[in-house]
Amino acid sequence: LDQGMDAAVPTLAERFRAAGFSTSALVFDCTWLSPRWGFGKGFDSYRVTRWRAGRQARAAAEWVLDHRDEDFFFFLHTFEPHSDFAILPYEAPGLSQRTIADEFGVQGFGCRRGRCGARFVTALSNDEVPVRPEDAAILRTTYSRGVTYLDASLGELFDALRQSGVWDDLLVVVTSDHGEAFAEHQSFGHHTLYDEILRVPLIVKWPRGEHAGVVNGIPSSGVDIAPTLLEHAGLSFTGMPGSPLRARNQGSPILAGTLDHAVVSGGFKAIFSNRRPPALFDLQEDPGEMVDLAEARPEVLEELQEILAARRREALALYRSFGPTGNGAAVELGERERERLEAFGYLQ
């Protein structure tokens, strides 16, 4: 058993629906986005499928065009190029063990010592299977093929919206929840807080060409997306973490992580973990995060730790302000679901 979202915690979809927007979501069945956890709150329609990105894109276009005369909020969640519970760690149309063998001369890639797909990537990172010299290059290639397929699928969606005449009026945000490691820090998958995991695309298509072509170098976070959408719609974002992207400034700290935590501020980055000593990096002089300065710059480490402590107090105060009941719905995972989450490294 596990605990779902507390009913008292408001969601972005709930705020939009309360303002009269039609709300809908189309998400890939990855277990942790199941509506059983409460993620369907506020959506008029919350559809979970095992469709590939291409079919999802076509369904998304149909929904948008069916609701083109309404104010709406639509959430599309794709799984490519995430590793999955299958043979290959990352998949795309036309990609197979045979095509990998033809390109790299490696037979049966994707399985080692009985671990396949996502479980294989996790095992590489945990030193449970031997890492071979060609692994990083092959994984980069398969991941890139997944990115290419997703890019083409989103291109079809956006082309359909352009051809239908609704594109110019839309605010569209494209982003990701994490990147992927390919042995940069002797790790694979996405179980660390180094920048190869944290630096993700954030593309905002504003209505009617506003800000077209502008590249903003001010650091931002995923928690800034919800306030950005609400502000654009003229709705209140009070009581939400983060700030609208227009309001971000160069000096605002960035925080990331759940069990482990990363704090970025003043050109430095600290990683705090209960499992190992804290680490500190100078991102300007050492963007690859190879030289740990925790012992050399303890005053900087302490400053970033204080930022983390203050933000955690703010988050707790915000949570309590919602009047949580503490009795979110209990969620029982099936055996197959547990196996899948263990393959991703999300359960021990």
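These notes cover the structure that comes with them. Because the structure is a prediction, the values reported are computed rather than measured.

1. Quick notes on helix H2 (residues 53-66)
Here comes step 1: Taking 1.5 Å as the rise per residue, H2 with 14 residues should run 20 Å; its terminal C-alpha atoms sit 20 Å apart, in good agreement.
Here comes step 2: When H2 is considered as a whole, its buried residues turn out to be Ala 53, Gly 54, Gln 56, Ala 57, Ala 59, Ala 60, Ala 61, Trp 63 and Val 64.
Here comes step 3: In this structure, the buried side of H2 is in contact with strand S2 (22-28), strand S4 (72-77) and helix H5 (135-163).

2. Topic: the pattern of salt bridges
Here comes step 1: For the structure shown, the criterion picks out 20 salt bridges.
Here comes step 2: One salt bridge in this structure joins Arg 36 and Glu 337, with 2.3 Å as the shortest N-O distance. Taken as a pair, Arg 36 in the loop between S2 and strand S3 (45-49) and Glu 337 in helix H9 (residues 335-343) lie far apart in primary sequence, 301 residues in all.
Here comes step 3: Its salt-bridge partner being Arg 208, residue Asp 169 comes within 3.2 Å of it at the nearest N-O pair.

3. With respect to the environment of Gln 97
Here comes step 1: Relative to the elements of secondary structure, Gln 97 occurs in helix H3 (residues 97-104).
Here comes step 2: Along the backbone, Gln 97 and Tyr 149 are 52 residues apart, and their C-alpha atoms lie at a distance of 17 Å.
Here comes step 3: Discounting residues that sit within four places of it in the chain, Gln 97 has contacts with Ile 87, Leu 88, Gly 108 and Phe 109.
Here comes step 4: Only 3.3 Å separates the side chain of Gln 97 from the backbone oxygen of Gly 108, close enough to count as a polar contact.

4. Observations concerning the sheet that holds strand S12 (residues 261-265)
Here comes step 1: Pairing is antiparallel in the open sheet, where 4 strands are placed in the order S11-S12-S13-S14. At either margin of the open sheet sits one strand with a lone partner, and together these are strand S11 (254-256) and strand S14 (279-282). Each strand of the sheet is rotated relative to its neighbour by a mean of 15 degrees, with strand direction disregarded.
Here comes step 2: Of the strand pairs in this sheet, S11 and S12 are connected by 3 bridges, and their pairing is antiparallel. Note that in S12 the partner of Ile 254 across the bridge is Val 264.

5. Quick notes on helix H8 (residues 298-321)
Here comes step 1: Counted at 1.5 Å a residue, the expected span for H8 with its 24 residues is 34 Å, and the 35 Å between its end C-alpha atoms agrees.
Here comes step 2: Buried within H8 are the following residues: Val 300, Leu 301, Leu 304, Ile 307 and Leu 308.
Here comes step 3: Gly 323 occupies a position one or two residues after H8 and carries a positive phi of about 70 degrees.

6. Considering the packing of aromatic side chains
Here comes step 1: Within the structure shown, the criterion is met by 14 aromatic pairs.
Here comes step 2: Each ring, one from Phe 16 and one from Phe 73, has its centre 5.0 Å from the other, and the planes form 20 degrees; the classification is stacked. On the criterion of sequence distance, the pair formed by Phe 16 in helix H1 (residues 12-18) and Phe 73 in strand S4 is long-range, its members being 57 residues apart. Pair check on accessibility: Phe 16 and Phe 73 agree, each one buried.
Here comes step 3: Each ring, one from Phe 109 and one from Phe 120, has its centre 5.5 Å from the other, and the planes form 90 degrees; the classification is edge-to-face. Of this pair, Phe 109 sits in the loop between H3 and strand S5 (111-112) while Phe 120 sits in helix H4 (residues 117-125), and the two are 11 residues apart along the sequence.

7. Comments concerning the sheet that holds S2
Each strand in a sheet pairs with its neighbour through backbone hydrogen bonds, running either in the same direction (parallel) or in the opposite one (antiparallel).
Here comes step 1: Taken in spatial order, the 3 strands make up an open sheet running S3-S2-S4, and their pairing is parallel. Two strands in the sheet have a free side with no partner beyond their single neighbour: S3 and S4. Along the sheet, successive strands turn relative to each other by an average axial angle of 5 degrees, direction set aside.
Here comes step 2: Two elements, S2 and S4, share 6 bridges in a ladder whose sense is parallel. Directly across from Ser 22, in S4, lies its bridge partner Phe 72.
Here comes step 3: Sitting on the sheet, H2 touches S2 and S4, and the angle it makes with S2 is about 175 degrees.

8. Focus on the pairing of S2
Here comes step 1: S2 sits mainly inside the fold: 7 of its 7 residues count as buried.
Here comes step 2: Residues of S2 alternate between two faces, with Ser 22, Ser 24, Leu 26 and Phe 28 on one and Thr 23, Ala 25 and Val 27 on the opposite face, all of them buried.
Here comes step 3: Direction of pairing for S2 relative to S3: parallel, over a ladder of 5 bridges. Each bridged residue has a counterpart across the sheet, and for Ala 25 the counterpart in S3 is Tyr 46.

9. Digging into the state of the cysteines
Here comes step 1: As enumerated under the stated definition, the model contains 1 disulfide in all.
Here comes step 2: Through a disulfide, Cys 111 is tied to Cys 116; the S-S separation comes to 2.0 Å. Since a negative S-S torsion denotes a left-handed disulfide, the Cys 111-Cys 116 link at about 115 degrees is right-handed.
Here comes step 3: Overall, the relative accessible area of 28% leaves Cys 111 in the partly exposed class.

10. Focus: the environment of Phe 73
Here comes step 1: Phe 73 sits in the buried class, given a relative accessible area of 13%.
Here comes step 2: C-alpha separation for the pair Phe 73 and Gly 266, spaced 193 residues apart in sequence, amounts to 35 Å.
Here comes step 3: With residues up to four places along the chain from it excluded, the contact list for Phe 73 reads Leu 12, Ala 13, Phe 16, Phe 21, Ser 22, Thr 23, Ser 24, Phe 43 and Leu 229.

About the cut-offs
Residues numbered from 1 in each chain as written. Predicted model: local features only at pLDDT ≥ 70, side-chain atom pairs only at ≥ 80, totals over all residues. Heavy atoms only, no water. Helix = DSSP H or I, 4+ residues; strand = E, 2+ residues; numbered from the N terminus. Expected span 1.5 Å × (residues − 1). Buried < 20%, exposed > 50% of the residue type's maximum accessible area, 1.4 Å probe, protein only. Contact = heavy atoms within 4.5 Å. Salt bridge = Lys/Arg side-chain N within 4 Å of Asp/Glu carboxyl O. Polar contact = N/O pair within 3.5 Å; in protein donor to acceptor, adjacent residues only side chain to side chain. Pairing = 2+ DSSP bridges. Axes fitted to C-alpha atoms, helices over the stretch in contact; angles between N-to-C directions. Phe/Tyr/Trp six-rings, centres within 6.5 Å; stacked < 30°, edge-to-face > 60°. Disulfide = S-S within 2.5 Å.

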